[in-house]
Amino acid sequence: ILYRPTIIGKENIPKEGRIILAGNHTNNFDCLLLMSSTKRSVHFLAKDELWKGLKKILFSNMGLIPVNRRQKDHKALEHAYSYLNNEKVIGIFPEGTVSKNGLLQFKMGAVKMAHETNTKIVPFAITGKYRLFFNNLKIVFDKPITIKSDDLDTENEKLRNKISKMVGVKK
């Protein structure tokens, strides 16, 4: 890989079984960086705009799940649930888009999926800058968490607070 990240907490990603990786989104290369950080196949939810032209072939073959962000995309969620029900790994950026400065509010997808499929979430944080051949990027994976309450707004805020601390962003 052209970027050489420091990976911390890789052992927190279970070697088998369903899991959701959820964390901050700093760059369009984040998916590739995270995919290369584990031996497991990670199926990311990604904006459907990436499926235009020749990129469609690349992203379809990477196992990414296209999401129509202009409306509630039930088909994308069903696709993700199918992967989880087959003991796969889903990757999601709860911010819903790249954030260069700070952490945006989280959308409900990660905690909703975790709650409805009884799947744990491994929070992650990406810090540093993407600079070719430098190793100033860092990915930290925290211990898996369980969504314990039916109050998904509160659970979503807990997840955001945890990732915020990992990134080093003040509320």
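Before reading on, note that the structure itself is shown above.
Below is a summary of the structure that appears in this document. Just so you know, these numbers come straight off a predicted model, no measurement behind them.

Regarding the sheet that holds strand β7 (residues 138-141)
And step 1. Pairing in this open sheet of seven strands is mixed, and the strands run β1-β7-β6-β2-β5-β3-β4 from one edge to the other. Looking at the sheet topology across the chains shown, the edges are occupied by β1 (6-8) and β4 (65-67). Averaged over all adjacent pairs, the angle separating strand axes in this sheet is 20 degrees, with direction ignored.
And step 2. Pairing of strand β2 (residues 19-23) with strand β6 (residues 121-127), which is carried by four bridges, proceeds in the parallel orientation. Paired with Leu21 across the two strands is Val122, which belongs to β6.
And step 3. Its contacts with the sheet put helix α3 (residues 74-85) on β2, β3 (42-47), β4 and β5 (89-92), and the angle it makes with β4 is roughly 155 degrees.

Considerations on the pairing of β5
And step 1. Taking every second residue as pointing to the same face, both faces of β5 are buried, with Val89 and Gly91 on one and Ile90 and Ile92 on the other.
And step 2. Where β2 meets β5, four bridges bridge the pair, whose relative direction is parallel. By the bridge assignment for β5, Leu21 is matched with Gly91.
And step 3. Pairing of β3 with β5 involves three bridges; the strand directions are parallel. Paired with Val42 across the strands is Val89, a residue of β5.

Some points on unusual backbone geometry
And step 1. Of note, the phi angle at Glu87 is positive, near 65 degrees, even though the residue is not glycine.
And step 2. Mapped onto the elements, Glu87 comes out in the loop between α3 and β5.

Cut-offs used in this document
- Residues numbered from 1 in each chain as written.
- Predicted model: local features only at pLDDT ≥ 70, side-chain atom pairs only at ≥ 80, totals over all residues.
- Heavy atoms only, no water.
- Pairing = 2+ DSSP bridges.
- Helix = DSSP H or I, 4+ residues; strand = E, 2+ residues; numbered from the N terminus.
- Axes fitted to C-alpha atoms, helices over the stretch in contact; angles between N-to-C directions.
- Contact = heavy atoms within 4.5 Å.
- Buried < 20%, exposed > 50% of the residue type's maximum accessible area, 1.4 Å probe, protein only.

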